Amino acid sequence: MVLHKGDPDAGTIALVTLENTAEHGELARLWERLPQADGARPWTVTKAQDPESKQEFNDYIARRTARDPDLWLLELTIADAQQFIGNFAGEG
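Report on the accompanying structure. (Residues numbered from 1 in each chain as written. Predicted model: local features only at pLDDT ≥ 70, side-chain atom pairs only at ≥ 80, totals over all residues. Heavy atoms only, no water.)

Focus: the overall build of the protein
Thinking step 1. Each helix and strand counted, the protein has 2 helices and 5 strands in total.
Thinking step 2. Reading the protein from its N terminus to its C terminus gives the helix and strand order β-β-β-β-α-β-α.
Thinking step 3. Scaling as 2.2 N^0.38, a compact globule of 92 residues should have a C-alpha radius of gyration of about 12 Å, and the protein matches this with 14 Å.
Thinking step 4. Principal axes of the C-alpha set define a box for the protein whose edges measure 40 × 30 × 25 Å.
Thinking step 5. Within the protein, the fraction of its 92 residues that count as buried is 28%.
Thinking step 6. Long-range pairs, those at least 24 residues apart, make up 55% of the contacts in the protein with a sequence separation of at least 6.
Thinking step 7. Accessible area for the protein stands at about 5,800 Å²; split by element, carbon and sulfur atoms hold 50% of it.
Thinking step 8. Charged side chains of the protein number 9 positive and 16 negative; the gap between the two group centres comes to 3 Å. (Helix = DSSP H or I, 4+ residues; strand = E, 2+ residues; numbered from the N terminus. Rg over C-alpha atoms; globule rule 2.2 N^0.38 Å. Buried < 20%, exposed > 50% of the residue type's maximum accessible area, 1.4 Å probe, protein only. Contact = heavy atoms within 4.5 Å. Areas by Shrake-Rupley, 256 points an atom, 1.4 Å probe, with all protein chains shown as cover. Lys, Arg positive; Asp, Glu negative; His and termini not counted. Charge placed at Lys NZ, Arg CZ, Asp CG, Glu CD.)

Here is the structure:
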């Protein structure tokens, strides 16, 4: 699902992954490609939802899209986000 539409030519893509956990139900993580000193841009979790304060994550997402209106924000419900990101990035 597209949560926020950014600039069609220059917008950065970020992913919100939703995973069902036995202990806390559905938990979200925000993944972004961040530049490293060696020039690589791996997918990194920049925000993880606190099961005790799910609204905090939603507030963070709102602030993030307000700061960068060109950002594309996509939401994926997925069983194993870490594995998916690794495969998606060609790392796993």
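Comments concerning helix α1 (residues 54-67)
Thinking step 1. An ideal rise of 1.5 Å per residue puts 20 Å on 14 residues; α1 measures up with 21 Å between its terminal C-alpha atoms.
Thinking step 2. When we look at burial in α1, the residues that qualify are F57, Y60, I61, R64 and T65. Buried residues of α1, seen end-on, are gathered within an arc of 125 degrees and therefore sit on one face of the element. Residues A66 and R67 are exposed on α1 and point more than 90 degrees away from its buried face.
Thinking step 3. At its buried positions, α1 is contacted by β1 (2-4), β2 (13-21), β3 (25-33), β4 (43-48) and β5 (72-77). (Expected span 1.5 Å × (residues − 1). Arc of directions from axis to C-beta.)

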